[in-house]
Amino acid sequence: MGKASSMHEYVHSNRFGGVFGAKIFAASLLLAILVGISVFDISFARPKLNIETRDFQLVDIEGKSFRLSDFRGKIVLLEFFVSSCSPCKPQLLELKGVRAAYPENILVMISISFDPSIDTVQVLKQLAGSVGIDWIVARDTAGISDDYGIEIAPTIILIDGGGVVRRVHEGFTEKGVLIADVGDLLEVKSRESTGTSNLWNVTLIVVAIVALSAGFLAWHRRKPAKRRRTKR
């Protein structure tokens, strides 16, 4: 009886210990995964808003080198595409409407193929000719699409004059949406410019008032005092 009871307690203890140990192991594994994610920042790469872009340099299909920083102060539309995707050519046609609404001195447009092994310079030249593209077209030979977390073709990113990502559209996007987005960014830019101008005007007025006050005080101090007449 004693042996049976002891054996039962042993088996029960082993089962309890096994279940408890499994739970501890699972909890430890989950904790390790969470720590790994926090330490190594493991995340699904997606384009992010309100972050400053990193500068990059590419060569367009005409052989001209350019940098993103060349267009600082202007709104930049980056389109990431591949020539083989079905919605990419219709997207290029929509972008022609955006170009018609905003000339190059207001909006810089850059279409970048992120499959340079297939989209050779010749392939992109033929595509640009068939669509009638009159903006910059280049091949991503510097891993820019990885920096931006591009996974979907087409993807359009709008960057403000300060080099900050303000809009991201994944998949086919109608020109009306993009035209409205650019208009919003231009309005913000105009308000910021007006605010800076007003601040500068106020500063000039304050400086002028201070200068006039200082000049008046200096003149007043130099002015000879009137002699008082004394009665005899």
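Preceding this section is the structure that the text describes.
One structure accompanies this document, and this report is about it. This is a predicted model, so every value here is computed, not measured.

**Remarks on the nonpolar core**
One finds Leu-77, Leu-92, Leu-95, Val-98, Leu-107, Met-109 and Ile-133 to be the most contacted residues of the largest nonpolar core, which totals 25 residues. Elements with a minimum of two residues in this core: strand 3 (75-81), helix 2 (88-101), strand 4 (107-113), helix 3 (121-131), strand 6 (155-159) and helix 5 (175-222). When neighbours within four sequence positions are excluded, Val-98 is seen to be in contact with Leu-77, Leu-107, Met-109, Lys-175, Leu-178 and Ile-179. Counting 19 residues, the second-largest nonpolar core is a separate cluster that includes Leu-78, Ile-136, Ile-150 and Ile-157.

**Some points on the state of the cysteines**
Within this structure, the stated rule accounts for one disulfide. Note on cysteine connectivity: Cys-85 is disulfide-linked to Cys-88, with sulfurs 1.7 Å apart. In this structure, the disulfide formed by Cys-85 and Cys-88 twists by about 115° around the S-S bond and is classed as right-handed. Of the two residues examined, Cys-85 and Cys-88, each falls in the buried class.

**With respect to the pattern of salt bridges**
Between side chains of opposite charge, a pair can form when the charged atoms approach closely. Going through the model one piece at a time under the given rule, you end up with six salt bridges. When the shortest N-O distance is used, the salt bridge between Arg-167 and Asp-181 registers 3.4 Å. A residue pair is termed long-range when its members are at least 10 positions apart, and Arg-167 in strand 7 (residues 165-170) and Asp-181 in helix 5 qualify at 14 residues. A relative accessible area of 9% places Asp-181 in the buried class. When the shortest N-O distance is used, the salt bridge between Arg-167 and Asp-184 registers 3.8 Å. Taken together, the residues span a long stretch of sequence, with Arg-167 in strand 7 and Asp-184 in helix 5 at a distance of 17 residues. Asp-184 sits in the partly exposed class, given a relative accessible area of 36%. Look at the salt bridges and you will find they share partners, linking Arg-167, Asp-181 and Asp-184 into a network.

What counts and what doesn't
For every chain, the first residue of its written sequence is number 1, and the numbers climb from 1 along that sequence. Local features in a predicted model are, by the rule used here, given only for residues with pLDDT of at least 70; side-chain atom pairs are given and counted only at 80 or more, and totals for whole chains, interfaces and linings are based on all residues. Each side-chain value is derived from all of the structure's non-hydrogen atoms; neither hydrogens nor water enter the calculation. Here, nonpolar core means buried Ala, Val, Leu, Ile, Met, Phe, Trp, Tyr and Cys residues that are tied together by side-chain atoms lying within 4.5 Å of each other. Relative accessibility thresholds used throughout: buried, under 20% of the residue-type maximum; exposed, over 50%; partly exposed, between the two (1.4 Å probe, protein chains only). Strands are runs of DSSP state E lasting at least 2 residues, helices are runs of H or I lasting at least 4, and numbering of each runs from the N terminus. By definition, residues are in contact when any of their heavy atoms lie within 4.5 Å. Only a pair of cysteine sulfur atoms within 2.5 Å qualifies as a disulfide here. Whenever a carboxyl oxygen of Asp or Glu lies within 4 Å of a side-chain nitrogen of Lys or Arg, that contact is scored as a salt bridge.

Just geometry here; none of it tells us what the structure is for.
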